[in-house]
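If you want the building blocks of each chain, they are given just below.
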Amino acid sequence: MSNINKILIPFDFSEASLNALEYVANFVGPERPITILAMYVSAMPISLSEDDELKEDFSNVLKAMDVRLKIEPEFETATGKMISTILSAQKSSDADLIMMGTMGDKITDEAITNTSRLVLDADCPVISIPYGCSIKEPKDIALVMGGELIDNKKLLGTLLDIARTFDSRVHVLTIYKESIYEEHSTADSTENSLEYYLEHFYVEHTFNKNQDVEEGIFNYINEKKIDLLVILPRNHAQNSTPSEGRLTKLLTLHSEIPVLALD
């Protein structure tokens, strides 16, 4: 049984959020008892009449999508800064997962999107959903691991939930720049953990050499026809030196498939 009971989705009626809502509805499906909480965040106070109008607009969006869900999605409005408000709502609502649409670099390659920032700041799993991605179940999943050990192996719980739900194949990918032997020695210490925590859904661990890690990841995605990319952001690492999250930013900006950041 899945431990995902509530999904929080930032929703502002933009193309990216509409695409994300459709993806989330497909992700939940008609039989799973998962609550979808859509949250509209405004920088300015929202009047009662505006709140009512937004709720009606959201209801019309659902009707237009012809969404069939076991639990009717909820819609709330809030005032404040986007990221801090969403993260606060995640905690207060006990949402297990945030799923957020992004335009990625379709507008500008320089700007770090709200989604990228939210992924880095969140203390819960976040799936970024790029505008234009295919609305389909994640049957092939790629978990990217570097040379580090997994700080908290419970992080893989959300990935396992998803794999069980969709009977997915989980591929593990390590991109190395120099010595593969060093990467292999680290991987050996995590292999048993991967087999244990990912059960029979874990199918392979691939090592590819590429000086450009991002390029290596996207090449693998295309080769294996991956539906969902999974990363372990290092900026919240507990037992190793936290990183600045540069790769996380790049992947959420440039990926053409959804990216699950486990935190």
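In the block above lies the structure referred to throughout.
Keep in mind the model is a prediction, meaning the values are calculated, not measured.

### Brief notes about the overall build of the protein
- Along the backbone of the protein there are eight helices and 10 strands.
- Within the protein, the proportion of its 263 residues that are buried is 50%.
- In the form shown here, the protein has an accessible surface area of approximately 12,900 Å², with 47% of it arising from carbon and sulfur atoms.

### Some points on the pattern of salt bridges
- Counting across every chain of the model gives seven salt bridges.
- As a salt-bridge pair, Lys-139 and Glu-137 come within 3.7 Å of each other at their nearest N and O atoms.
- Glu-137 sits in the partly exposed class, given a relative accessible area of 34%.
- The partner of Asp-140 in a salt bridge is Arg-169, and the shortest N-O contact between them spans 2.7 Å. Taken together, the residues Asp-140 in strand E6 (residues 140–144) and Arg-169 in strand E7 (residues 169–176) connect sequence positions 29 residues apart.

### A look at unusual backbone geometry
- One non-glycine residue, Phe-13, lies in positive phi territory at about 70°.
- Considering the arrangement of structural elements, one finds Phe-13 in the loop between strand E1 (6–10) and helix H1 (15–28).
- In the Ramachandran plot, Lys-225 falls in the positive-phi region, its phi being about 55° despite a non-glycine side chain.
- Along the chain, Lys-225 falls in the loop between helix H7 (213–224) and strand E9 (228–231).
- Residue class for Lys-225 comes out exposed when judged on its relative accessible area of 63%.

### Quick word on the packing of helix H3 (residues 82–93) against helix H4 (residues 114–121)
- For the pair H3 and H4, the least separation of the axes is 10 Å and the interaxial angle reads 45°. One element, H3, and the other, H4, form an angle in the oblique class. You can see that H3 and H4 cross each other, and the crossing is right-handed. Residue-level contacts link Met-82, Ile-83, Ile-86 and Leu-87 of H3 to Asn-114, Arg-117, Leu-118 and Asp-121 of H4.
- Of the residues assigned to the contact of H3 with H4, the class counts are five nonpolar, one polar and two charged.

### Points about the sheet that holds E6
- As summarised here, the arrangement of the 10 strands in space is E3-E2-E1-E4-E5-E10-E9-E6-E7-E8, forming an open sheet in which the pairing is mixed. The open sheet is flanked by strand E3 (74–79) and strand E8 (202–209), the only strands paired with a single partner. Neighbour-to-neighbour, the strand axes of this sheet turn through a mean angle of 25°, independent of strand direction.
- Across the sheet, H7 lies against E6, E7, E8 and E9, angled at about 150° from E7, the strand it touches most.

### Looking at H7
- With 12 residues, H7 extends 17 Å from end C-alpha to end C-alpha; this agrees with the ideal 16 Å at 1.5 Å per step.
- Taken together, the buried positions of H7 are occupied by Glu-214, Gly-216, Ile-217, Phe-218, Tyr-220 and Ile-221.
- Residues of H7 that are buried in the fold lie against E6, E7, E8, E9 and helix H8 (246–254).
- By the N-cap criterion, in which a side-chain oxygen at the helix start approaches the backbone nitrogen of a residue two or three places on, H7 is capped by Asp-212, the distance to Glu-214 being 3.1 Å.

Calculation notes
Residues numbered from 1 in each chain as written. Predicted model: local features only at pLDDT ≥ 70, side-chain atom pairs only at ≥ 80, totals over all residues. Heavy atoms only, no water. Helix = DSSP H or I, 4+ residues; strand = E, 2+ residues; numbered from the N terminus. Buried < 20%, exposed > 50% of the residue type's maximum accessible area, 1.4 Å probe, protein only. Areas by Shrake-Rupley, 256 points an atom, 1.4 Å probe, with all protein chains shown as cover. Salt bridge = Lys/Arg side-chain N within 4 Å of Asp/Glu carboxyl O. Axes fitted to C-alpha atoms, helices over the stretch in contact; angles between N-to-C directions. Parallel < 35°, antiparallel > 145°, perpendicular 65-115°, else oblique. Left-handed = near helix turned anticlockwise from the far one by under 90°. Contact = heavy atoms within 4.5 Å. Nonpolar A, V, L, I, M, F, W, Y, C, P; charged D, E, K, R; others polar. Pairing = 2+ DSSP bridges. Expected span 1.5 Å × (residues − 1). Polar contact = N/O pair within 3.5 Å; in protein donor to acceptor, adjacent residues only side chain to side chain.

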